[in-house]
Amino acid sequence: MRVLQLFPSVFSLLLTFVQSRSTVSVTLSLSAPSNAPTISPSLVSFSIEQDRWTDWAGTTSRNQFTYNVLDNFKGLTGVPPQIRIGADSEDHTVFNPSVQFSNATFPDPTATVPYPEALNISVGDGYYQAARFLPAGAREHTRYLGLNLGANNITNAVLEAGSLVKAFSSQEMKSADVVLDFIELGNEADLYRNNGLRPSNYSPVNYTADWIKMATNVSRVSGISSTSHTKFLVGGFAGSSHTTTDFSPQAIYAAGILDSVPGKFITSFSEHRYSGSFCSGNGGLLQDLMTKATIRSNLSIFGPDIQATHAKGLEYILGETNSYACHGAPGVSNTAGAALWTLDYALFATQLGISRLFFHEGVGYKYNLIQPVELTRSTLDGSPLPAPLPPHVQPQYYAAVIAGEAIGKTGGAQAVEVPIDNTRLAGYAFYEHGALARAVFINSRAHFANATRSVIHVGLDYAGSSTAKPTTAHVKRLAIGLADDVSGLKWGGQTYETADGRVQGQLKVDDIQVVNGFNIQDSEAVLLSF
């Protein structure tokens, strides 16, 4: 049931008088600009650390919490998010037919990394078969898995691929409507020369040779060809030189990776990107993460790579991304402010030609959108918890929900960033069948305790000729107490912070006259539906 409020509440009127207020004029185009990209319904997707994959999915039965929180998106966009299974432990995985699911050895937790990746992991057939427990999806919604390139062991990669193919060709997987879109070979191969997996002079040319050799053998086992649905995804680099002289898409294209036999089955390039690092325990500032200009500079540097990739007819994705590397920074990555960062970051990425973002997840990581299993020690410092913490969503999950609602279910939504002359306010207009349908606005000024909460009044106008200019709009808000809150967010009056991960609470939507505009507070996001 939706509650419509035709007039501002008394509380809202009082806030207008006690808060600092500024005014911004925003013009929305009534028709989709010619350069407006079409946005994937699975724009916000997930990269899952390989060592704890079966905790996420389940073994003999599904993890119901994981299923629910992924299935929520199917109700918003028509498809659940895409899933990548891989990352650091991808290059520490070996296949062992005597293992039913997986066996992993982990280092001791530390205050900086309370839930570290596995040192090594052995997997059997049941490991890949666990994918059948994911929500069903159409062709647009598929999965990709990573095989071990770091060990430089073709036999192991072929065994992994054989088990993978066996799982995805099974009747159980077909009945679950879960398909394999890509196979990825290796994780962050540009770091092999630093972590001992290759010599210190390892180059893009060496990587290309390694990849072609491995992919040739894997494609024979997996049946990857010009006519197969499953294709190769290449790259997965931790950084980019943006040149042909060191690791970058341009460098491996120049080295001939696409001209090889298996290279002709590459359809996507993957880059990894974090906005900072907590690997040495150095904390970040929440406002720095959230700042509009920082988000844009952190992504815009990949412009040459995206252009080079599109010129080859490939899609460009962020196959692993999140706020701060090494699982996030406490008081930053796990906060409501990080939700606003996630929303602006994901939507701005579309404007650069990035098709999809896979937000990295593990078990107990600070930057998780989803904590899929019970935790017994703190995600912030590794200390024992007084009581086990059940599965739950974290603030960033709301960003994925808002993005999903803004994109909608048609599969053809387009979006453009709205020009706004304000360093804290970002906006995006969404179009269905070429006509204005929705708009998202994000106020990225961090609001903390004992500070005045400012308000921006947004005056709305239209550009373009149309006989049907919307005069009213429905307004839905992401309610945040403080930017550093780690729970208690409400989206349209409702919460996803529930035992089963399903939304609860009475939906609250305001109606406004477009001519009057609307207010948006510090640390708030708003969705307008016309």
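In the block above lies the structure referred to throughout.
S.K.: Help me understand the overall build of the protein chain, please; the structure alone is not making it clear to me.
M.R.: Within the protein chain one finds 14 helices and 26 strands. The C-alpha atoms of the protein chain give a radius of gyration of 23 Å, which matches the 24 Å a tight globule of 530 residues would have. For the protein chain, the residues scored as buried account for 57% of the 530 residues in total. Within the protein chain, residue pairs in contact and separated by at least 24 positions form 78% of the contacts whose partners lie at least 6 positions apart. Surface accessibility of the protein chain: about 20000 Å² in total, with carbon and sulfur atoms responsible for 52%. Separation of charge centres in the protein chain, based on 35 positive and 43 negative side chains, amounts to 5 Å.

S.K.: What is the right way to read helix 11 (residues 292-300) from this model?
M.R.: Note on helix geometry: an α-helix contains 3.6 residues per turn, so any two residues three or four positions apart are oriented the same way. Every buried residue belonging to helix 11 is among Lys292, Ile295, Arg296, Asn298 and Leu299, and all of these are buried. Viewed along the axis of helix 11, the buried residues span an arc of 165 degrees, placing them on a single side of the element.

S.K.: Hey, could you run me through the nonpolar core in this one?
M.R.: Judged by nonpolar contacts, the single largest core of 121 residues is most densely connected at Trp53, Tyr207 and Phe232. The dominant element in this core, judged by the number of residues it contributes, is helix 13 (residues 336-352), at 11 residues. Counting 26 residues, the second largest nonpolar core, distinct from the first, contains Val26, Leu30, Ala439 and Tyr462.

S.K.: How should I be thinking about the state of the cysteines in this particular structure?
M.R.: Here a disulfide denotes one covalent bond, and it connects the sulfur atoms of two cysteines. Across all of its chains, the model carries 1 disulfide by this definition. One disulfide in the model links cysteine 279 with cysteine 326; its S-S distance is 1.9 Å. When the S-S torsion is 90 degrees, as for the bridge of cysteine 279 with cysteine 326, the disulfide is right-handed. In this pair, cysteine 279 is assigned in the loop between strand 11 (266-277) and helix 10 (286-290) and cysteine 326 in the loop between strand 12 (315-325) and helix 13, connecting sequence segments 47 residues apart. A relative accessible area of 40% places cysteine 279 in the partly exposed class.

S.K.: Mind showing me how you'd approach the sheet that holds strand 21 (residues 455-463) here?
M.R.: Strand pairing in a sheet relies on backbone hydrogen bonds. The paired strands run either parallel or antiparallel. Taken in spatial order, the 3 strands make up an open sheet running 2-21-25, and their pairing is mixed. A single partner strand is all that each edge strand has here, and the edge strands are strand 2 (21-29) and strand 25 (518-521). Within this sheet the neighbouring strands show an average axis-to-axis angle of 35 degrees, counted without direction. Two elements, strand 2 and strand 21, share 9 bridges in a ladder whose sense is parallel. Of the residues in strand 21, the one forming a bridge with valine 24 is valine 458.

S.K.: Mind showing me how you'd approach the packing of helix 5 (residues 154-168) against helix 8 (residues 204-222) here?
M.R.: Working note: a packed helix pair is described by the angle between its axes plus the distance between those axes. Running from amino to carboxyl end, helix 5 crosses helix 8 at an angle of 30 degrees, the nearest separation of the two axes being 9 Å. Classed by the angle they form, the pair helix 5 and helix 8 counts as roughly parallel. In this structure, the crossing between helix 5 and helix 8 has a hand that is right-handed. Side by side, helix 5 and helix 8 meet where Ile154, Ala157, Val158, Ala161, Gly162 and Val165 of the first sit next to Lys213, Met214, Asn217, Val218, Val221 and Ser222 of the second. The residue makeup of the contact of helix 5 with helix 8, split by class, is 8 nonpolar, 3 polar and 1 charged.

S.K.: I keep staring at the environment of tyrosine 431 and nothing clicks. Help me out?
M.R.: Topologically, tyrosine 431 is positioned in strand 19 (residues 425-432). Remark: the alpha-carbon pair of tyrosine 431 and aspartate 108, spanning 323 residues in sequence, is separated by 50 Å. In contact with tyrosine 431, other than residues within four places in its own chain, are Ser29, Leu30, Ser31, Ala32, Pro33, Gly412, Ala413, Gln414, Val416, Leu436 and Ala437. A polar contact of 2.7 Å, which involves the side chain of tyrosine 431, links it to the backbone oxygen of serine 29.

S.K.: Could you clarify how one ought to interpret the side chain of arginine 273 in this entry?
M.R.: For arginine 273, the position within the fold is in strand 11. We note that arginine 273 is buried and unpaired, the nearest opposite charge coming from glutamate 271 at a distance of 7.1 Å.

S.K.: Just checking my understanding: could you explain the pattern of salt bridges for this structure?
M.R.: As a working rule, side chains carrying opposite charge can pair if their charged atoms are close by. Tallied over the entire structure, the rule returns 16 salt bridges. One salt bridge connects arginine 84 with glutamate 184, and the closest N-O pair in it is separated by 3.2 Å. Placement of the pair is arginine 84 in strand 4 (residues 83-86) and glutamate 184 in strand 9 (residues 180-185), with a sequence separation of 100 residues. Overall, arginine 84 belongs to the buried group, its relative accessible area being 0%. One salt bridge connects glutamate 315 with arginine 356, and the closest N-O pair in it is separated by 3.9 Å. Of the two residues, glutamate 315 is situated in strand 12 and arginine 356 in strand 13 (residues 354-361); the sequence distance between them amounts to 41 residues.

S.K.: For this particular structure, what's the right way to read the packing of aromatic side chains?
M.R.: Aromatic ring pairs: the centre-centre distance and the angle between the two ring planes describe each pair. Across all of its chains, the model carries 23 aromatic pairs by this definition. When the ring of tyrosine 144 is compared with that of phenylalanine 358, the centres are 5.2 Å apart and the planes differ by 80 degrees; the resulting orientation is edge-to-face. Separated by 214 residues along the polypeptide, tyrosine 144 in strand 8 (residues 143-147) and phenylalanine 358 in strand 13 bring together distant segments of the chain. By relative accessible area, phenylalanine 358 is classed as buried at 1%. Look at tryptophan 211 and phenylalanine 232: their rings are 5.2 Å apart centre to centre, the planes differ by 75 degrees, and that puts the pair in the edge-to-face class. You can see tryptophan 211 sitting in helix 8 and its partner phenylalanine 232 sitting in strand 10 (residues 231-237), a full 21 residues away along the chain. Each residue in the set Tyr192, Tyr202, Tyr207, Phe237, Phe247, Tyr253, Phe269 and Tyr316 is aromatic and connected to the rest through ring pairs, giving one cluster. Residue placement shows arginine 62 over the ring face of tyrosine 67; its charged tip is 3.7 Å from the ring centre.

Each value, and the rule that gives it
Residues numbered from 1 in each chain as written. Predicted model: local features only at pLDDT ≥ 70, side-chain atom pairs only at ≥ 80, totals over all residues. Heavy atoms only, no water. Helix = DSSP H or I, 4+ residues; strand = E, 2+ residues; numbered from the N terminus. Rg over C-alpha atoms; globule rule 2.2 N^0.38 Å. Buried < 20%, exposed > 50% of the residue type's maximum accessible area, 1.4 Å probe, protein only. Contact = heavy atoms within 4.5 Å. Areas by Shrake-Rupley, 256 points an atom, 1.4 Å probe, with all protein chains shown as cover. Lys, Arg positive; Asp, Glu negative; His and termini not counted. Charge placed at Lys NZ, Arg CZ, Asp CG, Glu CD. Arc of directions from axis to C-beta. Core = buried A, V, L, I, M, F, W, Y, C linked by side-chain atoms within 4.5 Å. Disulfide = S-S within 2.5 Å. Pairing = 2+ DSSP bridges. Axes fitted to C-alpha atoms, helices over the stretch in contact; angles between N-to-C directions. Parallel < 35°, antiparallel > 145°, perpendicular 65-115°, else oblique. Left-handed = near helix turned anticlockwise from the far one by under 90°. Nonpolar A, V, L, I, M, F, W, Y, C, P; charged D, E, K, R; others polar. Polar contact = N/O pair within 3.5 Å; in protein donor to acceptor, adjacent residues only side chain to side chain. Salt bridge = Lys/Arg side-chain N within 4 Å of Asp/Glu carboxyl O. Phe/Tyr/Trp six-rings, centres within 6.5 Å; stacked < 30°, edge-to-face > 60°. Lys NZ or Arg CZ within 6 Å of the ring centre and 35° of its normal.

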